[in-house]
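# Overview (structure and organization)
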Amino acid sequence: NSIKNFLDSFEIQLMPFLGRKLPKEIGEENYRLVKEAFDIYSLGYFETSVFLMGKCLEKCITEFLRKNIEKGKIINTLEELDNWSFDTKINRLKKEKLISDSDYSKIMSIKWDRNISGHPSEKEEIEKLRRDSSGIIMLCINKIIDFSKKLKEVKSKVEIEQDKARELLGGRSFAGSV
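This report concerns the structure included in the present document. Please read all numbers here as calculations on a predicted model, not as lab measurements.

What follows concerns the pattern of salt bridges. Following the criterion strictly, the structure yields 15 salt bridges and no others. With a closest N to O distance of 3.5 Å, D87 and K111 form a salt bridge. One end of the pair, D87, is in helix 5 (residues 86-95); the other, K111, is in helix 6 (residues 101-118), and 24 residues separate them in sequence. Note on K111: relative accessible area 10%, which makes it buried.

Here we come to helix 3 (residues 46-71). Taking 1.5 Å of rise per residue, the 26 residues of helix 3 would be expected to cover 38 Å, and the 38 Å separating its terminal C-alpha atoms lies within 8% of that figure. In the segment just after helix 3, G72 is the residue with positive phi, at about 90°.

Before going further, it helps to spend a moment on the side chain of E47. Mapping E47 onto the fold places it in helix 3. Those residues in contact with E47, other than ones at most four positions away along the chain, are S117, I126, L129 and R130.

With the rule as written, the count across this model stands at two aromatic pairs. Geometrically, the ring pair formed by Y41 and F46 is tilted, given 4.7 Å between the ring centres and 55° between the ring planes. Given a relative accessible area of 2%, Y41 falls into the buried group. Take F46: its relative accessible area is 12%, and that puts it in the buried class. Ring geometry for F64 against F147: centres 5.5 Å apart, planes inclined by 70°, an arrangement best described as edge-to-face.

Basis of the calculations
Residues numbered from 1 in each chain as written. Predicted model: local features only at pLDDT ≥ 70, side-chain atom pairs only at ≥ 80, totals over all residues. Heavy atoms only, no water. Salt bridge = Lys/Arg side-chain N within 4 Å of Asp/Glu carboxyl O. Helix = DSSP H or I, 4+ residues; strand = E, 2+ residues; numbered from the N terminus. Buried < 20%, exposed > 50% of the residue type's maximum accessible area, 1.4 Å probe, protein only. Expected span 1.5 Å × (residues − 1). Contact = heavy atoms within 4.5 Å. Phe/Tyr/Trp six-rings, centres within 6.5 Å; stacked < 30°, edge-to-face > 60°.

Purely geometric stuff here, so don't read any function into it on its own.
Written out as structure tokens, the structure reads:
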């Protein structure tokens, strides 16, 4: 009976991600979570996969905000950031004009879908989420890639500023300048 169930599971699986290589642009730090989301999607855990992808996107956004706070582009403390909800983080991105109105809507949609998958929800909402899950996951991947690129840009600028400061210090590192 369990072998029959296993074989039947192949018929009901929607496997848009089976055999698909993850885009390298998602970044090494996101690879494990995205791969896990793909794997559990292929087992039929669509809502859990959407939840994981939403968490991965939030992690990317948090790191992007963290770097912008460290750089002084956003006037908040890292401790404040640690207490922000996903909603607050998304709204802050919009307020600081770090995302477009279109991206704001897409990211809010991902957040809502993640909440449906992570909290008790109406049966109809869950069914709709299951039908839309592959599209939601692809949208998440696109946004994760976007934030990975944005983060690299911020990191690159920080590194450039550190190089300039090192040059001003006569080639010494910050630690050696004390």
